[in-house]
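# An overview of the molecular structure
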Amino acid sequence: MTTAPARSTPPATPVPALYRVEGAAVAGAAVVLLVLTGFAWWWLFALFLVFDLSMLGYAVDHRVGAIAYNLGHTYVAPFVLLAGYGLALALDSTRWSLLALVAACWFFHIGVDRALGFGPRPLH
């Protein structure tokens, strides 16, 4: 009878203090964005864990999990949503405000993660 190999835990990547401060600033700016676009503050907490669904990649293996997590925890995607919202406003359309809501909540999530010391995952 053979036993399954023990799964090792993924290595942690320390987040420098400057990135922690940056994360806190981004989270604060996301709160301001959310309020300025007219949404209630509780949306930040209602959607907070949605962005951690990217960790489901760890069910496959560490490399897939790290890639999925890193893609879900980069500022690029919420910035693209926010740029789309800005473009929609320039075109005088208010029905795109959901983009601002998701972008603000996403920025908040990433910012809080970084402020707490959770950074990008190594791919090994």
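Here we summarise the structure given alongside this text. (Residues numbered from 1 in each chain as written. Predicted model: local features only at pLDDT ≥ 70, side-chain atom pairs only at ≥ 80, totals over all residues. Heavy atoms only, no water.)

## With respect to the side chain of His109
This is how the line gets drawn: Only DSSP runs of H or I reaching four residues or more are called helices, and only runs of E reaching two or more are called strands; each is numbered from the N terminus. We define a polar contact as two N or O atoms separated by no more than 3.5 Å, with the added condition that, inside protein, one atom must be a possible hydrogen donor and the other a possible acceptor, whereas residues neighbouring each other in sequence contribute only through side-chain atom pairs. Note on definitions: a residue-residue contact is assigned when non-hydrogen atoms from the two residues lie within 4.5 Å.
Within the secondary structure layout, His109 lies in helix 5 (residues 97-115). Here the side chain of His109 touches Asp52 through a polar contact of 3.1 Å, side chain to side chain. The residues contacting His109, other than those within four sequence positions of it, are Phe48, Phe51, Asp52 and His73.

## What to know about the packing of helix 4 (residues 76-90) against helix 5
Pairs of packed helices are described in terms of their axes, by the angle between the two and the distance that separates them. As a reminder of what qualifies: Between the N-to-C directions of two axes lies an angle of 0 to 180 degrees, each axis being a line fitted to C-alpha atoms and, for a helix, fitted only over the stretch in contact. Relative orientations are named as follows: roughly parallel for angles under 35 degrees, roughly antiparallel for angles over 145 degrees, roughly perpendicular for angles from 65 to 115 degrees, and oblique for any other angle. Rotating anticlockwise by less than a right angle from the far helix to the near helix defines a left-handed crossing, while the corresponding clockwise rotation defines a right-handed one. Gly counts as polar in this scheme, as do all residues outside two lists: the nonpolar Ala, Val, Leu, Ile, Met, Phe, Trp, Tyr, Cys and Pro, and the charged Asp, Glu, Lys and Arg.
As a packed pair, helix 4 and helix 5 sit with axes 8 Å apart at the nearest point and diverge in direction by 155°. By the angle between their axes, helix 4 is roughly antiparallel relative to helix 5. Our pair here, helix 4 against helix 5, has a crossing hand that is left-handed. Of the residues in helix 5, those touching helix 4 at Ala77, Pro78, Phe79, Leu81, Leu82, Gly84 and Tyr85 are Ser97, Leu99, Ala100, Val102, Ala103, Trp106, Phe107 and Ile110. The residue inventory of the contact of helix 4 with helix 5, partitioned by class, reads 13 nonpolar, two polar and no charged.

## Thoughts on the nonpolar core
Convention followed: In this description, a nonpolar core means a group of buried Ala, Val, Leu, Ile, Met, Phe, Trp, Tyr and Cys residues linked to one another through side-chain atoms lying within 4.5 Å. When a residue's accessible area, from a 1.4 Å probe over protein chains only, is under 20% of the maximum for its type it is buried; when over 50% it is exposed; and in between it is partly exposed.
If you look at the biggest cluster of nonpolar residues, it comprises 17 residues, and the most contacted ones within it are Leu34, Cys105 and Phe108. Elements with a minimum of two residues in this core: helix 1 (17-36) and helix 5. With seven residues, the top contributor of residues to this core is helix 5. Residues contacting Cys105, with those up to four places away along its chain left out, are Leu34, Trp43, Leu44, Leu47 and Phe51.

## Description of the packing of aromatic side chains
Here the distance between the centres and the angle between the planes together describe a pair of aromatic rings. Condition: Pairs were defined over the aromatic rings of Phe, Tyr and Trp, the Trp ring being its six-membered one, requiring ring centres within 6.5 Å. Orientation was assigned from the angle between planes: stacked under 30 degrees, edge-to-face over 60, tilted for the rest. When the NZ atom of lysine or the CZ atom of arginine is within 6 Å of a ring's centre and also within 35 degrees of its normal, the charge is said to sit over that ring.
What the rule picks out here adds up to six aromatic pairs. Judged by centre distance (6.0 Å) and plane angle (75°), the rings of Phe48 and Phe108 are edge-to-face. Here Phe48, found in the loop between helix 2 (43-46) and helix 3 (62-72), pairs with Phe108, found in helix 5; they are 60 residues apart in sequence, far enough to count as distant. Residue classification places Phe108 among the buried positions, given a relative accessible area of 10%. Ring-pair connections join several aromatic residues into one group, and the members of that group are Trp41, Phe45, Phe48 and Phe108. Its guanidinium or amino end placed over the ring of Tyr75, Arg114 lies 5.3 Å from that ring's centre, counting from NZ or CZ. Stacked on the ring of Tyr69, the Lys or Arg Arg121 has its end atom at 4.1 Å from the ring centre.

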